[in-house]
Amino acid sequence: IMPSLVGSEMCIRDRHRGSQIVKALAIGADACMVGRPYLYGLSSGGQAGVEHMLALLQKETERTMGLIGCASLSELNRSHLRAAKALPAFLTALE
């Protein structure tokens, strides 16, 4: 496994949602780790809980890709990301 990762970009930060995985891949990551969510599934339902969590994460990733118009992971790139120019109005009201 390790030789195939040499020269690759890997996202080390814990990912909890499919949209976070899509962002990491669009930035250029070749792989993305899922940390705590699988433990939540394991503690609540054993193997079936982990399988359910992975299915949800896959659906969220597919939904996000569909919303941005990508049919496959290979289509993702930085052009699918946009930096926020300003805070949303509901957050600026808190200042």
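Residues numbered from 1 in each chain as written. Predicted model: local features only at pLDDT ≥ 70, side-chain atom pairs only at ≥ 80, totals over all residues. Heavy atoms only, no water.

Engineer: Just to check I follow, could you spell out the packing of helix H2 (residues 18-27) against helix H3 (residues 36-67) for this structure?
Structural biologist: Helix packing for two helices is described by the angle between their axes and how far apart those axes are. Direction vectors running N to C along H2 and H3 enclose 60°, while the axes themselves pass 7 Å from each other. Taken together, the axes of H2 and H3 lie oblique to each other. Relative to H3, the crossing made by H2 is right-handed. Of the residues in H3, those in contact with Gly18, Ser19, Ile21 and Val22 of H2 are Leu57, Glu60, Thr61, Thr64 and Met65. For the contact of H2 with H3, the per-class residue count stands at 4 nonpolar, 4 polar and 1 charged. (Axes fitted to C-alpha atoms, helices over the stretch in contact; angles between N-to-C directions. Helix = DSSP H or I, 4+ residues; strand = E, 2+ residues; numbered from the N terminus. Parallel < 35°, antiparallel > 145°, perpendicular 65-115°, else oblique. Left-handed = near helix turned anticlockwise from the far one by under 90°. Contact = heavy atoms within 4.5 Å. Nonpolar A, V, L, I, M, F, W, Y, C, P; charged D, E, K, R; others polar.)

Engineer: Is there a simple way to explain the side chain of threonine 61 in this structure?
Structural biologist: Among the secondary structure elements, threonine 61 is positioned in helix H3. In this structure the side chain of threonine 61 is engaged in a polar contact, spanning 2.9 Å, whose partner is the backbone oxygen of leucine 57. When neighbours within four sequence positions are excluded, threonine 61 is seen to be in contact with Gly18, Ile21 and Val22. (Polar contact = N/O pair within 3.5 Å; in protein donor to acceptor, adjacent residues only side chain to side chain.)

Engineer: Just to check I follow, could you spell out the nonpolar core for this structure?
Structural biologist: In a soluble, globular protein the nonpolar side chains are often hidden away together inside. Listed in full, the 11 residues of the largest apolar core are Ile21, Val22, Ala24, Leu25, Ala26, Ala29, Met53, Leu57, Met65, Cys70 and Leu76. Residue assignment for this core shows that the elements contributing at least two residues are H2 and H3. By residue number, the principal contributor to this core is H2, which donates 5 residues. Sequence-distant contacts of valine 22, defined by excluding residues within four places in its chain, comprise Thr61, Thr64, Met65, Ile68 and Leu76. (Core = buried A, V, L, I, M, F, W, Y, C linked by side-chain atoms within 4.5 Å. Buried < 20%, exposed > 50% of the residue type's maximum accessible area, 1.4 Å probe, protein only.)

Engineer: Any chance you could explain the environment of asparagine 77 here in plain terms?
Structural biologist: Relative to the helices and strands, asparagine 77 resides in the loop between H3 and helix H4 (89-92). The partly exposed category is assigned to asparagine 77, whose relative accessible area is 35%. At a separation of 2.3 Å, a polar atom in the side chain of asparagine 77 contacts the side chain of serine 79.

Engineer: Just checking my understanding: could you explain the confidence of the model for the chain for this structure?
Structural biologist: Reading predicted coordinates in detail is not appropriate for stretches of low pLDDT. Averaged over the chain, the pLDDT score is 80; the fraction of residues at 70 or greater is 79%. The secondary structure element of the chain with the lowest average pLDDT is helix H1 (residues 2-5), at 42, and the one with the highest is H3, at 91. Of the regions scoring below 50 in pLDDT, residues 1-7 engages in 1 contact with residues more than four places distant in sequence or in other chains. (pLDDT = per-residue confidence, 0-100.)

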